[in-house]
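What follows is the residue order along each chain.
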Amino acid sequence: MRNSLVVGLLSLVLGAPAGYALARFPFRGRDSFKVLILSTRAFPIVILSIPLAVTFIRWGLYDTIWAVVLAHTALALPTTILVTSSIFVGVPKDLEEAAETLGCTPFGAFWRVVLPLALPGLAAAAIFTFVLSWNEVFAATILTISTRSRTLPALVLAQLNNSPLPFHFAGGFALVVPSLIFILLMRRYLLNMWGRVTK
Amino acid sequence: MAEILIQNITKTYAGGKQPAVNDVNLTIRDGEFMVLLGPSGCGKTTLLRMIAGLEYTDAGQISIGGRDVTDLPPRKRQIAMVFQSYAVFPHQTVFENIAFGLRMRKERDADVKRKVERSAALLQLEPYVERYPAQLSGGQRQRVAVARAIVMEPKVLLMDEPLSNLDALLRLHFRADLKKLVQDLKATTIYVTHDQVEALSLGDRIAVMRQGEVIQCSSPMAVYDRPATEFVGSFIGNPPMNFLRGRVERTNGHVHVTLHEHVLTAPPELAQHAGRDVLIGIRAENIEAEARETPDNLPARTEVVEPLGSHLLVTAAIGDQRLKLLTRTDFPAQPDGPLWLRPEPDKLRWFEVDTGREIGPTPQQRTEA
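Not measured: the values here are computed from a predicted model.

Q: Mind showing me how you'd approach the pairing of strand S17 (residues 312-318) of chain B here?
A: It is a general feature of regular strands that their side chains alternate between the two faces of the sheet. All names here are of chain B. Pairing between strand S16 (residues 298-307) and S17: six bridges, direction antiparallel. For Thr302, the partnering residue across the bridge sits in S17 and is Ala316. Joining the antiparallel neighbours S16 and S17 is a turn of four residues, in which Gly309 adopts a positive phi near 95°. Looking at chain direction, S17 and strand S18 (residues 321-327) are connected through seven bridges and run antiparallel. Among the inter-strand pairings, Ile318 is bridged to a residue of S18, identified as Gln321. Hairpin connection, S17 to S18: the antiparallel pair is bridged by two residues, and Gly319 has positive phi, about 60°.

Written out as structure tokens, the structure is:
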């Protein structure tokens with residue numbers, strides 16, 4: 001549970017600045033960079049997991065929370081970057097410039113104007129990564145052994161394999177609950193913000 | 001005191017073949033209302049954004065009130081800007097929008113409240129201060145943008161086509177309001193527009209731009225009456241200035257221009273163009289039409305008659321050249337009928353055919369006017 005939350009936040013912290021850069025600055029090779037980001041998704045996680053496990057063992061990261069967090073963040077990052085960049089494109093550059101003529105530093109303009117406006121979208125991106133991490137069980141199972149560092153779904157899945165059939169179903173249903181609660185909470189917030197911001 | 005001095009400013013956008021702004025020199029006096037006028041893509045907005053500090057310059061210098069601001073960020077230039085899109089912050093109430101700049105200056109709450117209320121009152125926004133921009137009409141949002149700029153009591157007020165997103169009637173109302181507001185503010189103002197009527201009605205001076213260069217910079221009446229080039233004459237005025245081709249001739253030391261077998265007396269400056277074609281420029285309202293033949297008049301043929309309410313707009317042909325003129329509504333113009341034209345001699349302007357430049361008084365007289 002905590003793993004998935006950390007993944008959601010971490011990928012947002014890493015992905016949002018990249019998304020902002022993609023949205024605002026026309027640097028050389030921007031388009032090919034976008035494609036490149038997506039290409040990490042082209043490798044099936046099944047192929048990636050074993051080398052990752054080996055590397056993590058070497059680095060002493062194996063079977064820690066960080067192993068899963070890093071792997072999931074890497075998986076989630078492309079989507080986060082692309083989603084956040086389209087969110088930032090949606091915030092007119094004029095607003096930022098207006099803030100700058102009114103006395104803001106470029107960072108101040110981002111903090112006071114762009115961020116509040118992008119927040120609903122960023123929240124959506126966070127949900128998305130949370131769900132992504134929540135659903136990803138394969139890498140989580142390969143990269144961890146102990147109950148301490150496993151994500152909840154991976155743990156439950158492993159436990160349920162040794163349980164009678166009714167428990168399978170009950171467990172499966174229980175797994176849906178955190179996702180549902182999380183999205184319900186965020187959703188109310190999203191609608192609230194959007195209802196106010198857009199016409 | 002905030003005189004704005006623009007020296008040799010040049011800017012080429014990445015990937016652009018021609019410079020967007022090319023070696024522009026301009027002095028805007030303290031408290032002056034300067035309009036940058038030109039067709040879209042002429043570099044006027046780029047020039048304004050460089051003055052605001054939102055765009056880097058490639059070369060040249062900008063100083064405001066004797067201080068070199070060329071490399072300063074916008075927040076250190078003591079300017080305020082009104083954007084074409086208004087750029088009102090959607091996540092803040094009208095009050096907070098107007099207060100934004102004051103809060104950035106860390107003014108005391110009581111001062112902020114007082115100043116915001118005053119400028120909201122100036123723009124008739126008091127009933128809306130607690131609303132969010134999404135609940136306002138376009139005209140109200142526009143007023144918020146102006147209030148947000150003037151509340152800062154800026155030395156320099158920059159406006160980028162602030163009226164172009166309003167409908168025609170609202171624009172007419174707000175134009176007069178804006179003129180009064182700016183007069184009271186006493187800030188040096190630079191106003192970008194492509195609407196020549198706005199430029200004529202608002203500006204103390206107009207700088208006409210084309211392809212990144214300032215072609216003419218003088219008072220509205222001078223720009224209208226003595227355009228420096230054919231382009232200025234055809235861009236300003238509705239209908240645009242008429243241009244007819246004639247040939248300069250010299251007989252017995254007298255210079256005159258023949259236009260389709262008729263002779264117009266010409267000023268002595270035209271002597272050096274003897275034997276060549278020139279463009280004769282004349283405004284529609286400076287041509288008098290007669291229904292009957294009189295000795296000195298140019299015979300022409302009526303082609304189209306358009307009633308405009310206050311006047312008739314007549315399109316007439318002299319030979320194969322066309323021109324437009326305004327007549328009184330009771331003028332008996334008939335399509336395909338004959339009419340006789342008498343252009344006011346002191347309103348005739350002369351232009352070189354190949355460069356489009358005016359032949360006449362020295363350039364100095366032109367800019368000082």
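And the narrative resumes.
Q: Hey, could you run me through the sheet that holds strand S10 (residues 213-218) of chain B in this one?
A: Picture the strands of a sheet paired through backbone hydrogen bonds; they go either parallel or antiparallel. Residue and element names in this part refer to chain B. Taken together, the six strands give an open sheet; going across it, the order is S6-S7-S8-S3-S9-S10, and neighbouring strands pair in mixed fashion. With partners counted over all chains shown, the strands left at the sheet margins are strand S6 (79-82) and S10, one partner each. Within this sheet the neighbouring strands show an average axis-to-axis angle of 20°, counted without direction. As paired elements, S6 and strand S7 (residues 156-160) share four bridges and run parallel to each other. Across the sheet, residue Val82 finds its bridge partner in S7, namely Met159.

Q: I'm lost on the interface of chain B and chain A in this one. Help?
A: Many analyses report the size of an interface as the accessible area lost when the parts associate. On the chain A side, the residues contacting the 20 residues of chain B number 17 residues. When residues of the side of chain B that touches chain A are traced back to their parent elements, those giving at least two are S6 and helix H2 (94-104) of chain B. Taken together, the residues that form the side of chain B that touches chain A break down as 15 nonpolar, three polar and two charged.

Q: Hey, could you run me through the packing of helix H5 (residues 93-101) of chain A against helix H6 (residues 106-135) of chain A in this one?
A: Angle between the axes and distance between the axes are the two parameters that describe a pair of packed helices. Residue and element names in this part refer to chain A. Look at H5 against H6: their axes get within 9 Å of each other, and the N-to-C directions meet at 120°. Relative to H6, H5 is oriented oblique. For the crossing formed where H5 meets H6, the hand is right-handed. Residues Leu95, Glu96, Ala99 and Glu100 of H5 lie in contact with H6, whose contacting residues are Pro106, Ala109, Phe110, Arg112, Val113 and Val114. Across the contact of H5 with H6, the residue classes tally to seven nonpolar, no polar and three charged.

Q: How should the domain arrangement of chain B be read in this particular structure?
A: Residue and element names in this part refer to chain B. Domain annotation of chain B identifies domain 1 (4-232) and domain 2 (235-368). One C-alpha centre belongs to domain 1, the other to domain 2; they are set 37 Å apart. With 15 residues of domain 1 at the interface, the matching set in domain 2 holds 13 residues. Of all the secondary structure elements, the ones that give two or more residues to the side of domain 1 that touches domain 2 are S10, helix H7 (220-225) and helix H8 (230-235). Taken together, the residues of the side of domain 1 that touches domain 2 break down into nine nonpolar, four polar and two charged.

Q: I keep staring at the environment of Gly16(B) and nothing clicks. Help me out?
A: Residues and elements named next belong to chain B. Looking at the element boundaries, Gly16 is found in the loop between strand S1 (4-11) and strand S2 (21-28). Assessed through the 10 C-beta atoms surrounding it within 10 Å, Gly16 is described here as exposed. Taking C-alpha positions, Gly16 is 33 Å from Asp167, a pair spaced 151 residues apart along the chain.

Q: Mind showing me how you'd approach H2(B) here?
A: Residues and elements named next belong to chain B. Considered for burial, the residues of H2 that qualify are Val94, Asn97, Ile98, Ala99, Phe100, Gly101 and Leu102. Along its buried surface, H2 packs onto helix H3 (109-122) and helix H4 (138-150). Taken from the residues just after H2, Lys106 is the one with a positive phi, measuring 60°.

Q: Please explain unusual backbone geometry as it appears in this structure.
A: If a residue is not glycine, its phi is most likely negative; likewise, a peptide bond is most likely trans. All names here are of chain B. Following Asn238, the chain continues to Pro239 via a peptide bond in cis, the omega torsion being 0°. Phi is positive for Asp23, close to 50°, though the residue is something other than glycine. Positionally, Asp23 belongs in strand S2. You will see that Glu161, though not glycine, has its phi angle at about 40°, which is positive. Along the chain, Glu161 falls in the loop between S7 and helix H5 (168-185). Of the residues examined, Glu161 has 20 C-beta atoms within 10 Å and is grouped as buried.

Q: Explain the confidence of the model for chain B to me, please; I cannot follow it from the model alone.
A: Note: predicted coordinates in regions of low pLDDT should not be interpreted at a detailed level. Residues and elements named next belong to chain B. On average, residues of chain B carry a pLDDT of 89, and 97% of them reach 70 or more. By mean pLDDT, helix H9 (residues 363-368) is the weakest element of chain B at 48, and strand S3 (residues 33-37) is the strongest at 95. Scored below 50 in pLDDT, residues 364-369 shows 11 contacts in the model against residues more than four places distant or in partner chains. Quick note on the complex model: pTM equals 0.81, ipTM equals 0.78.

Q: Is there a simple way to explain the packing of H2(B) against H4(B) in this structure?
A: Residues and elements named next belong to chain B. Two numbers describe how H2 lies on H4: the axes approach to 7 Å, and their chain directions differ by 30°. Relative to H4, H2 is oriented roughly parallel. With respect to the hand of their crossing, H2 and H4 are arranged in right-handed fashion. Of the residues in H4, those touching H2 at Val94, Asn97, Ile98, Phe100 and Gly101 are Val144, Ala147 and Arg148.

Q: I'm lost on the sheet that holds strand S13 (residues 262-265) of chain B in this one. Help?
A: Residue and element names in this part refer to chain B. Pairing within the open sheet is antiparallel, and its six strands lie in the order S13-S12-S11-S14-S20-S21. The open sheet terminates on both sides in strands that have one partner only, identified here as S13 and strand S21 (358-359). When strand S20 (residues 349-352) meets S21, the two strands line up antiparallel, connected through two bridges. Counted as the bridge partner of Phe351 is Glu358 from S21.

Q: I keep staring at the pairing of strand S8 (residues 188-193) of chain B and nothing clicks. Help me out?
A: Residue and element names in this part refer to chain B. Most of S8 sits out of view: six of its six residues are buried. By the alternation rule, side chains of S8 split into Thr188, Ile190 and Val192 and Thr189, Tyr191 and Thr193, which are all buried. Looking at chain direction, S3 and S8 are connected through five bridges and run parallel. Paired with Leu37 across the strands is Thr193, a residue of S8. With five bridges connecting them, S7 and S8 associate as parallel partners. Within the sheet, the bridge partner assigned to Val156 lies in S8 and is Thr188.

Rules of the game
- Residues numbered from 1 in each chain as written.
- Chains lettered and ligands numbered in written order.
- Predicted model: local features only at pLDDT ≥ 70, side-chain atom pairs only at ≥ 80, totals over all residues.
- Pairing = 2+ DSSP bridges.
- Helix = DSSP H or I, 4+ residues; strand = E, 2+ residues; numbered from the N terminus.
- Axes fitted to C-alpha atoms, helices over the stretch in contact; angles between N-to-C directions.
- Contact = placed C-beta atoms within 7 Å.
- Nonpolar A, V, L, I, M, F, W, Y, C, P; charged D, E, K, R; others polar.
- Parallel < 35°, antiparallel > 145°, perpendicular 65-115°, else oblique.
- Left-handed = near helix turned anticlockwise from the far one by under 90°.
- Domains from an automatic or database assignment.
- Buried ≥ 20, exposed ≤ 12 C-beta atoms within 10 Å, placed from the backbone.
- pLDDT = per-residue confidence, 0-100.

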